Structures are given as C-alpha cells and as structure tokens.
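Read off the chains here:
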Amino acid sequence: DAGITQSPRHKVTETGTPVTLRCHQTENHRYMYWYRQDPGHGLRLIHYSYGVKDTDKGEVSDGYSVSRSKTEDFLLTLESATSSQTSVYFCAISAVQSNEKLFFGSGTQLSVL
Amino acid sequence: DAKTTQPPSMDCAEGRAANLPCNHSTISGNEYVYWYRQIHSQGPQYIIHGLKNNETNEMASLIITEDRKSSTLILPHATLRDTAVYYCIVRTEGGSEKLVFGKGTKLTVNP
C-alpha cells in the first residue's frame, strides 16, 4: 500500500470553528488531491496540488483552502466550518500527471455540529 | 459531471464472473478508461486502466470496445471481498489532477 496517512481519522467540531486536515505521504509523489465523499454525490474533487506551493481548485472548492509547503504534506483547511462540510474527506496522490493511477488514504470523517 | 454511465447496482454469485459495464460515448481519442473500487469505509483502490487494447492484471480484465464508447470490467471469480462500489472513470482534459468520479456501480457478491 502507498504510504499515505490522513489525520485525524475522525473529528467532531462546531459550526464556525476552523479545521485543518492533514495528508502526509512517504512516496515522494508530485501530485496530491483532496476529495470529499457524500451520499448521492460520489467523490468530488476539492483542491489539488501539482507541486510544492502549486495548487489549484477542483469542482467544490468554496469554503476550503489548501497549502503545500513541502512535498510530503498537503493540508486542507476549513476556515469556518459549516454543517454542509460534514463529510468523509479523502487524500490521494499520484506520481505523474498523465494516465497515472491514484493512491488514496483511508479518509477522515468530519462532523460539523 | 462524470463522462461515464454505469448501472447503479449489480449482483453476482460467489465464484462466478462479475461483468461490470460502463458507457463513455463521448470519450476522446487520447483519453484513458480507469476503474477503481471502494470497499465500505475505505479509500478508493485502483484496479486497472486502458486506452484501446484489452488489459489484464492480477485483479481484473478490462475489455474496451473497438469504437471505445463502452467498456466492461471483468472480475473472473468474484469473492465476497469483491463487494464494493466500482467506478469507471474517463480522464478529462488537463491531466489526472481532474479525475472525476461518478456514482459508480454497487456490486454485491452473494454466497
């Protein structure tokens, strides 16, 4: 299995509080992604990174920001969490841009009350 | 939106072949077809991918029609542990960073 660690695995927080989820990889892969998964919607891309300090928005980026200060870490921040951001969040990595498979982490279950 | 169409659910008997169809009628010439699966409460897992030729690995076979408008993922001898949601994905323009997952097919393998 690819070396991807997501932390925390579970978090409960209150509306309006900031939350940061961490994805750590030991594979030295260039590309990293954050997805959220909700019933009826499948997996949706939030943000992705194609290198240190290089990030771009996915299809559901509103309310989220990301940072990648080093190759191995990709942080997802909810500046002011809302109940609509209750979801399971998955981090993924890939080595190259074209036709390369993604490796996924085990996910973070976030509940915003 | 996803560029693929899959049945929402399928059933298969344990030990039999599971054939999961996927339609991707608008696929472009340089786009690949990927298959992933997601077992309950786990992250998605890569299975196989292909461009135009049929592909086989230790997990499955991928059959792509000659016109590339559809494909079939074949699990030759399904086990209970193959129960999962299977996603067929076409890589969009701009590279794999914009891989789009649809709703997939929930495959249930029955004893």
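Residues numbered from 1 in each chain as written. Chains lettered and ligands numbered in written order. Predicted model: local features only at pLDDT ≥ 70, side-chain atom pairs only at ≥ 80, totals over all residues. Heavy atoms only, no water.

A. How the structure looks around the overall build of chain A. When helices and strands are tallied, chain A shows zero helices and 11 strands. In sequence order, the secondary structure elements of chain A are arranged as β-β-β-β-β-β-β-β-β-β-β. By the burial criterion, 46% of the 113 residues in chain A qualify as buried. Considering only residue pairs separated by 6 or more positions, chain A has 54% of its internal contacts joining residues 24 or more positions apart. Carbon and sulfur atoms provide 46% of the accessible area of chain A, an area that totals close to 5200 Å². Charge separation in chain A, taken as the distance between the mean sites of 11 positive and 12 negative side-chain charges, equals 2 Å. (Helix = DSSP H or I, 4+ residues; strand = E, 2+ residues; numbered from the N terminus. Buried < 20%, exposed > 50% of the residue type's maximum accessible area, 1.4 Å probe, protein only. Contact = heavy atoms within 4.5 Å. Areas by Shrake-Rupley, 256 points an atom, 1.4 Å probe, with all protein chains shown as cover. Lys, Arg positive; Asp, Glu negative; His and termini not counted. Charge placed at Lys NZ, Arg CZ, Asp CG, Glu CD.)

B. Local environment of the packing of aromatic side chains. Under the criterion given, the structure shown has seven aromatic pairs over all chains. Taken together, a centroid distance of 6.5 Å and an interplanar angle of 35° make the contact between Tyr33(A) and Tyr35(A) tilted. No difference in accessibility class separates Tyr33(A) from Tyr35(A), as the two residues are buried. Members of the aromatic cluster, connected to one another through ring pairs, are Tyr33(A), Tyr35(A), Phe104(A), Tyr34(B), Tyr36(B) and Tyr46(B). (Phe/Tyr/Trp six-rings, centres within 6.5 Å; stacked < 30°, edge-to-face > 60°.)

C. Representation of the pairing of strand β1 (residues 4-7) of chain A within the structure. Residue and element names in this part refer to chain A. Only one face of β1 is covered, namely the face carrying Ile4 and Gln6; the face carrying Thr5 and Ser7 is uncovered. Where β1 lies against strand β3 (residues 19-25), four bridges are found, and the strand directions are antiparallel. Across the sheet, Ile4 pairs through a bridge with Gln25, a residue of β3. (Pairing = 2+ DSSP bridges.)

D. Spatial organisation of the sheet that holds strand β4 (residues 45-50) of chain B. Residues and elements named next belong to chain B. Spatially, the five strands line up as an open sheet ordered β1-β9-β8-β3-β4, and their pairing is mixed. The open sheet has two edge strands with one neighbour each: β1 (9-13) and β4. Taken pair by pair, the neighbouring strands of this sheet meet at an average axis angle of 25°, ignoring direction. Sheet analysis places strand β3 (residues 33-38) next to β4, joined by five bridges and oriented antiparallel. (Axes fitted to C-alpha atoms, helices over the stretch in contact; angles between N-to-C directions.)

E. Geometry of the nonpolar core. One finds Leu20(B), Trp35(B), Leu73(B), Leu75(B), Tyr86(B) and Leu107(B) to be the most contacted residues of the largest nonpolar core, which totals 21 residues. Per element, the largest residue contribution to this core is four residues, and it comes from strand β8 (residues 84-90) of chain B. Contact partners of Leu20(B), with chain neighbours within four places excluded, come to Met10(B), Trp35(B), Ser71(B), Thr72(B), Leu73(B), Leu75(B), Tyr86(B), Thr105(B) and Leu107(B). Judged by nonpolar contacts, the second largest core, of 19 residues, contains Ile4(A), Val66(A), Tyr89(A) and Cys91(A). (Core = buried A, V, L, I, M, F, W, Y, C linked by side-chain atoms within 4.5 Å.)

F. Focus on the state of the cysteines. Considering all chains together, one arrives at two disulfides over all chains under this definition. Residue pairing for Cys23(A): its cysteine sulfur links by disulfide to Cys91(A), the two sulfurs lying 1.9 Å apart. Note on the Cys23(A) and Cys91(A) pair: the S-S dihedral is about -70°, so by sign convention the disulfide is left-handed. Pair noted here: Cys23(A) is in strand β3 and Cys91(A) is in strand β9 (residues 87-94), with a separation of 68 residues, a long-range link. Accessibility classification places Cys23(A) together with Cys91(A) in one group, the buried group. Across the disulfide, Cys22(B) is cross-linked to Cys88(B) (sulfur-sulfur distance 2.1 Å). Here the S-S torsion is close to -80°, and the disulfide linking Cys22(B) with Cys88(B) is therefore left-handed. Placement of Cys22(B) in strand β2 (residues 18-23) and of Cys88(B) in strand β8 is noted, with a sequence separation of 66 residues between them. Grouping residues by exposure puts Cys22(B) and Cys88(B) together as buried. Note on Cys12(B): no disulfide assigned, nearest cysteine sulfur contributed by Cys22(B) at a separation of 18 Å. Taking the relative accessible area as the measure of exposure, Cys12(B) reaches 7% and is therefore buried. (Disulfide = S-S within 2.5 Å.)

Purely geometric numbers; function is a separate question.
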